[in-house]
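# Coordinates in review
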Amino acid sequence: MGLAHAQEPPNSDAVSAPAATPAAFVLEVRATDDIRQYLEHHLELQRYRDLADLDDNELARLTVAAGQNTRELLGTLGYFSPQIDLALQAATPGTARTVVITVDPGVTTRVSLVDIQFAGAIGDDEAATEQRSLIRAGWALRRGMPFTQTDWDAAKTAALRELTRQRYPTGTITESHAEIDADAHSAKLSLTLDSGPLYRVGTVQIEGIERYEDALARRLARIPSGGEYDQARLLEAQQRLMDSGYFDSALVTLDTSGDPAAAPVKVQVREAKLQKLTLGVGASTDA
């Protein structure tokens, strides 16, 4: 006797997925993989792919603008004399219009000179000689290396971080310039760091203490008045407060709004909640 297999009725609640709206055009970048991926991600032309009413004249105008945009983007990668070919292919049955960008990036631009200057108190402070040397020695975008905008920005950020780590928390970059010689494929970099005044630690101000005495936080932080500002020491004080178990959170910062010769240190804490321990006594017997 055969077994009958019942067929499940069709699901009347199923909803058909809406058909995807066809793109207004297809972008095809012909270049090495790294450059192709970068351009496909950053080209402004990509923003117009979903405009269903984009006519041929407007697309032609956007294609011309994409050439300049491509040149600017290649410049951030260190290519300042690229060859760029643009082509707009008409739509055919079953295919959309296609914008083809063919890129020959040319020779990579390399750093030929790095000039780092200092202004403010750090410029003639003998005690800051080592700090100046560390900033110059730690400069990441060195002579002979390929120049890119990303590396240039990162090197400046790292130099400023090293400047403000000790003595000069209000330091700034007052001048930065990358002089590009497209014919020589070289970049001359200049940077001026202004340290501002030297800061020394003044009074220690405690905020957030409720159950304990301020002296407890001061004793744990161990921040001596009169010393030069050192970010690492403040972070160590903050960690000691956290590790003590007395506080759920701690933040130690230098107040740079007042006198640099005696800048207050603010210690903001939140006390840990009290823990309760409950003990019970019990007895059992076999009888």
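Model, not experiment: these values are computed from the prediction.

## Observations concerning the overall build of the protein
A count of helices and strands for the protein gives six helices and nine strands. Here the protein, with 287 residues, has 31% of them falling under the buried criterion. In the protein, the proportion of contacts linking residues at least 24 apart, taken out of those at least 6 apart, comes to 64%. For the protein, the computed accessible surface area is about 18,200 Å², with 50% contributed by carbon and sulfur atoms.

## A word on the sheet that holds strand E3 (residues 98-104)
On the basis of which strands lie adjacent, the open sheet formed by three strands has the order E1-E3-E2 and mixed pairing. A strand with exactly one partner marks an edge of an open sheet, and here the two such strands are strand E1 (26-30) and strand E2 (83-89). Pairwise comparison of adjacent strand axes, ignoring direction, gives a mean angle of 15° for this sheet. As defined by bridge partners, E2 adjoins E3 across seven bridges and the pair is classed as antiparallel. Along E3, the bridge assignment pairs leucine 86 with isoleucine 101. Sheet strands in contact with helix H2 (residues 56-76) are E2 and E3, and its direction is about 155° off that of E2.

## Notes on the packing of aromatic side chains
A complete count under the given rule lists five aromatic pairs for this structure. For the pair tyrosine 212 and tyrosine 246, a centre-to-centre distance of 5.1 Å together with 80° between the ring planes defines the contact as edge-to-face. Of the two residues, tyrosine 212 sits in the loop between strand E7 (201-207) and helix H5 (214-221) while tyrosine 246 sits in the loop between helix H6 (231-243) and strand E8 (247-254), which places them 34 residues apart along the sequence. When its relative accessible area of 25% is taken as the criterion, tyrosine 212 is described as partly exposed.

## Let's talk about the environment of aspartate 181
Position of aspartate 181 among the secondary structure elements: in strand E5 (residues 172-181). By relative accessible area, aspartate 181 is classed as partly exposed at 36%. A C-alpha to C-alpha distance of 10.0 Å links aspartate 181 and serine 112, two positions 69 residues apart in sequence. There is a polar contact of 3.1 Å between the side chain of aspartate 181 and the backbone nitrogen of aspartate 183.

## A few points about the nonpolar core
Across soluble globular proteins, nonpolar side chains have a tendency to be buried as a group. In this structure, Ile223, Leu241, Val265 and Val267 are the most contacted members of the largest nonpolar core, which totals 22 residues. For this core, the elements supplying multiple residues, two or more each, are E7, H5, H6, E8 and strand E9 (263-271). Sequence-distant contacts of valine 265, defined by excluding residues within four places in its chain, comprise Val201, Thr203, Val204, Gln205, Ile223, Leu234, Val252, Thr253 and Leu254. Ranked by size, the runner-up nonpolar core spans 19 residues in total, among them Leu27, Leu73, Ile84 and Val103.

## A few points about H6
Side chains three or four residues apart in an α-helix point the same way, a direct result of the helix having 3.6 residues per turn. Look at H6: 18 Å from first C-alpha to last across 13 residues, which is about the 18 Å you get at 1.5 Å a residue. For H6, every residue scored as buried is listed here: Leu234, Ala237, Gln238 and Leu241. One face of H6 carries all of its buried residues, which in axial projection span an arc of 100°. If you follow the buried residues of H6, they end up packed against H5, E8 and E9. With its phi angle positive at about 90°, glycine 245 sits one or two positions after the end of H6.

## Quick word on the packing of helix H3 (residues 129-137) against helix H4 (residues 149-164)
Packed helix pairs are specified by the crossing angle of their axes together with the interaxial distance, meaning the distance between the axes. In contact at an axis separation of 9 Å, H3 and H4 are set at 165° when each is read in the N-to-C sense. Comparing their axes, H4 and H3 come out roughly antiparallel. Of the two possible hands of crossing, H3 and H4 adopt the one that is right-handed. Every residue of H4 that contacts H3 at Gln131, Leu134 and Ile135 is listed here: Ala159, Glu162 and Leu163.

## Structural notes on the environment of arginine 165
Summarising the element assignment, arginine 165 is placed in the loop between H4 and E5. Using a relative accessible area of 27% as the deciding quantity, one classes arginine 165 as partly exposed. Sequence separation between arginine 165 and tyrosine 229 is 64 residues, and the spatial gap between their C-alpha atoms is 8.3 Å. Here arginine 165 is in contact with Tyr229, Asp230 and Gln231, once residues within four sequence places are set aside. Within polar-contact distance, the side chain of arginine 165 engages the side chain of glutamate 162 at 2.8 Å.

Cut-offs used in this document
Residues numbered from 1 in each chain as written. Predicted model: local features only at pLDDT ≥ 70, side-chain atom pairs only at ≥ 80, totals over all residues. Heavy atoms only, no water. Helix = DSSP H or I, 4+ residues; strand = E, 2+ residues; numbered from the N terminus. Buried < 20%, exposed > 50% of the residue type's maximum accessible area, 1.4 Å probe, protein only. Contact = heavy atoms within 4.5 Å. Areas by Shrake-Rupley, 256 points an atom, 1.4 Å probe, with all protein chains shown as cover. Pairing = 2+ DSSP bridges. Axes fitted to C-alpha atoms, helices over the stretch in contact; angles between N-to-C directions. Phe/Tyr/Trp six-rings, centres within 6.5 Å; stacked < 30°, edge-to-face > 60°. Polar contact = N/O pair within 3.5 Å; in protein donor to acceptor, adjacent residues only side chain to side chain. Core = buried A, V, L, I, M, F, W, Y, C linked by side-chain atoms within 4.5 Å. Expected span 1.5 Å × (residues − 1). Arc of directions from axis to C-beta. Parallel < 35°, antiparallel > 145°, perpendicular 65-115°, else oblique. Left-handed = near helix turned anticlockwise from the far one by under 90°.

Any link to function would need more than the numbers given here.
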